[in-house]
Amino acid sequence: HLPPPRPVLCSTMAAIAAKKQEWTACLAKSGGMPGKCEKIEKELASMAKSAGVDCCVAETVGLMRCTGSGSRSKGCGDEFLAMR
């Protein structure tokens, strides 16, 4: 039997989910340039770290940078695997 969820944890997770959604929307509009969303990225990373949650921020940025660079011709396999 699990204890009821703590309201603080639920509100923190909801805030992280909202920030991740905001960051994802920004990335979708960034034209493949994750640096345009750096402020939101840093906020999300900070929130996630405080809550002990991994939102794959570094992996997402790494994959976007790879696919937007000359490394793309090599397939970006390492970056894709890091996202799994």
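Up top is the structure these notes are about.
Within any chain, residue numbers begin from 1 and follow the written order of that chain's sequence. Under the rules for a predicted model, residues below a pLDDT of 70 receive no local features and side-chain atom pairs below 80 are neither given nor counted, while totals for whole chains, interfaces and linings still include all residues. Side-chain calculation: all heavy atoms of the structure are included, whereas hydrogens and water are not.

Help me understand the state of the cysteines in this model?
Here, disulfide denotes a covalent bond that connects the sulfur atoms of two cysteines. The disulfide criterion used throughout: a pair of cysteine sulfur atoms within 2.5 Å. Following the criterion strictly, the structure yields 2 disulfides and no others. Residue Cys 26 pairs covalently with Cys 37 via a disulfide, S to S 2.0 Å. Negative torsions about the S-S bond denote left-handed disulfides, and the value of about -95 degrees found for Cys 26 with Cys 37 makes this one left-handed. Here Cys 26, found in helix 1 (residues 7-29), pairs with Cys 37, found in the loop between helix 1 and helix 2 (38-51); they are 11 residues apart in sequence, far enough to count as distant. Two residues share a disulfide in this structure: Cys 66 and Cys 76, whose sulfurs sit 2.0 Å from each other. Judged by the torsion about the S-S bond (-95 degrees), the Cys 66/Cys 76 disulfide is left-handed. Remark: Cys 76 occurs in the loop between helix 3 (57-67) and helix 4 (77-83) and Cys 66 occurs in helix 3; sequence separation between them is 10 residues. What links to what in the chain: the bonded cysteines, counted in sequence order, pair as 1-2, 3-4. Here Cys 55 stays unpaired: no disulfide links it, and the sulfur of Cys 56, its closest cysteine neighbor, is 7.5 Å away. In DSSP terms, a helix is any run of H or I states spanning at least four residues, a strand is any run of E spanning at least two, and both are numbered starting from the N terminus.

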